[in-house]
Amino acid sequence: MLVADCGYHSAEALEYLETKPELNAYIKQQPSGTPGLYGHEDFEYDEQTDTYECPAGKRLVFKGLKTLDDRPGRRYRAEHTCANCERRERCFKGKNPYRQLVVQPHGQLTVAMRRRLKTDEGRQVLQTRSATVERTFGTIKAQLGLRQYLTRGLKNAQTQFCLAAIAVNVRKLAAWIQENGWTPAPAAASG
């Protein structure tokens, strides 16, 4: 199983993981859209008609290309006005009478990963990762004061991080010894 932070989310990573299902990967995602509103994962894509269906059952059709953050995407817009839709307040804000989606080339892979993370296994994996990894990073930042590297160059930064990791492990070992006591291993018999 592979579990990664949202910093590892990219089109390349998702495309690679698509070819390696045996990795059973979970990559945490940044929240999509505005909190409380429907995100891309709430719209169902129909590949045959190249349309999306919104949670209210209306179709969004392809309207052209649009660039977001220097990345080309496909723009889909509702066929009919959304002004009187009972779900409009959960769908989008503003004066625009139509809901639209801009879907990046790897958008379907992102939606699939978001849905995967919402499963029971996905929630459990992220919770376990959070309880194990994030605590260690918090210790390194807060208790050891390593919020930025004090050296230059990749090799020196790696050395500084390794020293911090050793310090964390020594602290864990000391806490374990204090809690459980320490009994030296028997001396090996010389032959």
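Scoring rules and cut-offs
Every residue gets a number counted from 1 within its own chain, in the order that chain's sequence is written. The predicted origin of the model limits local features to residues at a pLDDT of at least 70 and limits the giving and counting of side-chain atom pairs to 80 or more, whereas totals for whole chains, interfaces and linings rest on all residues. Derived side-chain values reflect all non-hydrogen atoms in the structure, with water molecules and hydrogen atoms excluded from consideration. The helix count covers DSSP runs of H or I at least four residues long, the strand count covers runs of E at least two residues long, and both are numbered beginning at the N terminus. Note that the radius of gyration is over C-alpha atoms, with the globule rule given as 2.2 Å times the number of residues to the power 0.38. Being paired, for any two strands, means DSSP has found at least two bridges between them. Helix axes use the C-alpha atoms of the stretch in contact, all axes being lines fitted to C-alpha atoms, and the angles between their N-to-C directions lie in the range 0 to 180 degrees. Under the convention used throughout, the expected extent of a helix is 1.5 Å for every residue step, that is, one less than its residue count. Note on exposure labels: buried denotes an accessible area under 20% of the residue type's maximum, exposed denotes more than 50%, and partly exposed covers the range between, all computed with a 1.4 Å probe on protein chains only. The contact criterion used is simple: two residues touch if any of their non-hydrogen atoms lie within 4.5 Å. Think of a nonpolar core as a cluster: buried Ala, Val, Leu, Ile, Met, Phe, Trp, Tyr and Cys residues, connected wherever their side-chain atoms sit within 4.5 Å. We call two directions roughly parallel when the angle between them is under 35 degrees, roughly antiparallel when it is over 145, roughly perpendicular when it lies between 65 and 115, and oblique otherwise. Classification convention: Asp, Glu, Lys, Arg as charged; Ala, Val, Leu, Ile, Met, Phe, Trp, Tyr, Cys, Pro as nonpolar; all other residues, Gly among them, as polar. Aromatic contacts are taken between Phe, Tyr and Trp rings whose centres are within 6.5 Å, Trp giving its six-membered ring; a plane angle under 30 degrees counts as stacked, one over 60 as edge-to-face, and the others as tilted. Each ring is checked for a lysine NZ or an arginine CZ that lies within 6 Å of its centre and within 35 degrees of its normal; such an atom marks a charge sitting over the ring.

**Q** Would you explain the overall build of the protein in this entry?
**A** Counting its secondary structure elements, the protein contains 5 helices and 7 strands. Starting at the N terminus and ending at the C terminus, the protein contains elements arranged as β-α-β-β-β-β-β-α-β-α-α-α. By the compact-globule yardstick of 16 Å for 191 residues, the protein is too spread out, its C-alpha radius of gyration being 24 Å. The C-alpha extent of the protein, read off along each of the three principal axes, is 85 × 40 × 35 Å.

**Q** Can you help me understand the sheet that holds strand β4 (residues 51–53) in this one?
**A** Picture the strands of a sheet paired through backbone hydrogen bonds; they go either parallel or antiparallel. If you trace the 5 strands from one edge of the open sheet to the other, you get β3-β4-β5-β6-β7, paired in antiparallel fashion. With one partner strand each, in any of the chains shown, β3 (44–46) and β7 (100–103) form the two edges of the open sheet. In this sheet, adjacent strand axes meet at a mean angle of 35° when their direction is disregarded. The pairing of strand β6 (residues 71–78) with β7 spans 4 bridges and is antiparallel.

**Q** Explain helix α4 (residues 120–143) here, please?
**A** One full turn of an α-helix is made of 3.6 residues, so residues set three or four places apart face in the same direction. Across its 24 residues, α4 extends 33 Å between first and last C-alpha, which sits within 8% of the 34 Å expected from 1.5 Å per residue. Restricting attention to buried positions, one finds in α4 the residues G122, V125, R129, T139 and I140. Tucked into the core, α4 has its buried residues touching β1 (2–4), β2 (25–27), α3 (107–117) and α5 (154–180).

**Q** What is the right way to read the nonpolar core from this model?
**A** Formed by Y38, F43, Y52, C54, L60, Y76, A78, C82, C91, F92, L101 and V103, the largest nonpolar core amounts to 12 residues. Listing elements by their share of this core, those giving two or more residues are β6 and β7. Those residues in contact with Y38, other than ones at most four positions away along the chain, are F43, P55, R87, R90, C91 and R99. The next biggest cluster of nonpolar side chains, apart from the first, holds 9 residues, and it includes L14, Y26, M113 and L117.

**Q** How should I be thinking about unusual backbone geometry in this particular structure?
**A** Residues other than glycine predominantly adopt negative phi, and peptide bonds predominantly adopt the trans conformation. For N24, which is not glycine, the phi torsion reads 50° and is therefore positive. As for its placement among the helices and strands, N24 is situated in the loop between α1 (11–19) and β2. Of the residues examined, N24 reaches a relative accessible area of 23% and is grouped as partly exposed.

**Q** Which parts of the structure should I look at to understand the packing of α1 against α3?
**A** Any two packed helices are characterised by the angle at which their axes cross and by the distance between the axes. Look at α1 against α3: their axes get within 10 Å of each other, and the N-to-C directions meet at 70°. Between α1 and α3, the angle is such that the two are roughly perpendicular. Along its contact with α1, which presents L14, E15 and E18, the element α3 presents L109, T110 and M113. When the residues that make up the contact of α1 with α3 are grouped by side-chain class, the tally is 3 nonpolar, 1 polar and 2 charged.

**Q** Is there a simple way to explain the packing of aromatic side chains in this structure?
**A** Both the distance between ring centres and the angle between the ring planes are used here to describe each pair of aromatic rings. A full pass over the atoms with the stated rule returns 3 aromatic pairs. Pairing Y52 with Y76 gives two aromatic rings, centres 4.9 Å apart and planes at 75°, and the pair type is edge-to-face. Of the two residues, Y52 sits in strand β4 while Y76 sits in strand β6, which places them 24 residues apart along the sequence. Y76 shares its class with Y52; the two are buried. By way of ring pairs, the aromatic residues Y45, Y52, F62 and Y76 are connected into one cluster. Directly above the ring of F62 sits R74, whose terminal nitrogen or CZ lies 3.8 Å from the centroid. Its end group placed over the ring of Y98, R77 keeps NZ or CZ at 4.0 Å from the ring centre.

**Q** Honestly, the side chain of T139 in this entry has me stumped. Any pointers?
**A** Assignment of secondary structure puts T139 in helix α4. Excluding anything up to four places from it in sequence, T139 contacts L144, V168 and R171.

**Q** In this structure, what is going on with α5? I would like to understand it.
**A** Between its terminal C-alpha atoms α5 stretches 38 Å, which fits the 39 Å expected from 27 residues at 1.5 Å a residue. What α5 keeps buried is the set A157, Q160, A164 and V168. Close packing links the buried residues of α5 with α4. Immediately beyond the C-terminal end of α5, within one or two residues, lies G181, with a positive phi of roughly 80°.

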